[in-house]
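Fold and contact review
Chain by chain, the residues:
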Amino acid sequence: MPIDPYILLLLGTVGLAALLPARGAAAEVASGASTAAIAFLFFLYGARLSTREALEGLRHWRLHGTVLLCTFVAFPLLGLAARGLVPVLLTHSLYQGLLFLTLVPSTIQSSIAFTSMARGNVPAAICAGSFSSLAGIVLTPLLAAALLGGSGGGFSADSLVKIVLQLLVPFLAGQLLRPVIGGFVLRHRKALGYVDRGSILLVVYTAFSEGMVQGIWHQVSPVRLGGLLLVEAVLLAVMLALTWYGTKALRFGREDRIAIQFAGSKKSLASGLPMASVLFGAHASLAVLPLMLFHQMQLMVCAVIAKRRAHDPEPADAAAPAAPARTGTVTATRAR
């Protein structure tokens, strides 16, 4: 089962923030740099993501609508249901982070990778992940405003303004400039990928530094972390079962069911971390902890499932009417 090397870098960054948190003038510099990094991240997201190619997938609206319902309806409902676990298993702060996790859009890159490994509908996974990313730019902040409200650790109407200025405006700028800079971004995607990851590490360092300075880590004990892991394991298991057996009841073909399962059961660390930094401010460190843990858990579990699906025998109804989902181009895989 894979251990994402990037998770190790994130944990190392958390350790650095615990030992050497940014204070005073250094904290102000780190905060300003983090704000600029977040804006640049979403500018690059906009420059990479081909809206035209994503919209071509509308011909298979049932599949993409199912993924969106899983991501932005089923997940949040399960998150709200977890409210009953406070304070037995979760503290209020950890629950807020868990609820935020359920509002984050799906991934693109790992959904495509696991769908391909399992011999599923890769073009559908590309389009579904793209739809989710586009929708998450708007839906995640709105859902956070509705479900977290003023209890979200600093979340307020001002956070919506920050979302627009730091996330939505740079994203739209990237989309508008995509015809001009899209080729450059694709040609240098490897180097810009390092910029992406470095920016997220800076965001994590700033958030956890603020948490250390304010002493909020005293709210988390090993027992509470164990409770969080247990809740997340149940959450992932429920979503994996829902996206697999629910799509069977909806009469999707095998390849489409695989795409829906991997796109509809995941949450994006790359999108969630910057959003949490904007939405939660000084409380972002506890807010992103559930997302970081869930990210690694979903990679490990989905890798095992994808390998087993790859050895499944071809079903007798392999010719079921699922083929129209094969839209999109390989170029979209470069989005994220």
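Fair warning: this is a prediction, and the values are worked out from it, not measured in the lab. (Residues numbered from 1 in each chain as written. Predicted model: local features only at pLDDT ≥ 70, side-chain atom pairs only at ≥ 80, totals over all residues. Heavy atoms only, no water.)

Some details on the nonpolar core
The nonpolar side chains of a soluble globular protein tend to be buried with one another. Counting residues in hydrophobic clusters, the biggest one holds 85 residues, and the most contacted among them are Leu10, Phe42 and Ile200. Of the residues forming this core, the biggest block, 14 residues, is contributed by helix 13 (residues 284-310). Not counting residues up to four positions away in its chain, the partners in contact with Ile200 are Tyr6, Leu10, Leu41, Tyr45, Ala270 and Leu273. (Core = buried A, V, L, I, M, F, W, Y, C linked by side-chain atoms within 4.5 Å. Buried < 20%, exposed > 50% of the residue type's maximum accessible area, 1.4 Å probe, protein only. Helix = DSSP H or I, 4+ residues; strand = E, 2+ residues; numbered from the N terminus. Contact = heavy atoms within 4.5 Å.)

Some thoughts on the packing of helix 6 (residues 109-117) against helix 7 (residues 122-147)
Packing of helix 6 against helix 7 brings their axes to within 9 Å, and their N-to-C directions diverge by 165°. With respect to helix 7, the axis of helix 6 lies roughly antiparallel. Both helix 6 and helix 7 take part in a crossing whose hand is right-handed. Where helix 6 approaches helix 7, its residues Ser111, Ile112, Thr115 and Ser116 are matched on the opposing element by Val122, Ala125 and Ile126. Class assignment of the residues belonging to the contact of helix 6 with helix 7 gives a composition of four nonpolar, three polar and no charged. (Axes fitted to C-alpha atoms, helices over the stretch in contact; angles between N-to-C directions. Parallel < 35°, antiparallel > 145°, perpendicular 65-115°, else oblique. Left-handed = near helix turned anticlockwise from the far one by under 90°. Nonpolar A, V, L, I, M, F, W, Y, C, P; charged D, E, K, R; others polar.)

Digging into a nonpolar patch on the surface
Together, Leu69, Val73, Leu77 and Leu80 give the surface a local cluster of nonpolar side chains, amounting to about 350 Å² of exposed area. By secondary structure assignment, the location of Leu77 is in helix 4 (residues 61-81). For Leu77, a relative accessible area of 52% translates into the label exposed. (Patch = residues over 30% accessible without salt bridge, like charges linked within 9 Å, V, L, I, M, F, W, Y side chains within 5 Å. Areas by Shrake-Rupley, 256 points an atom, 1.4 Å probe, with all protein chains shown as cover. Salt bridge = Lys/Arg side-chain N within 4 Å of Asp/Glu carboxyl O.)

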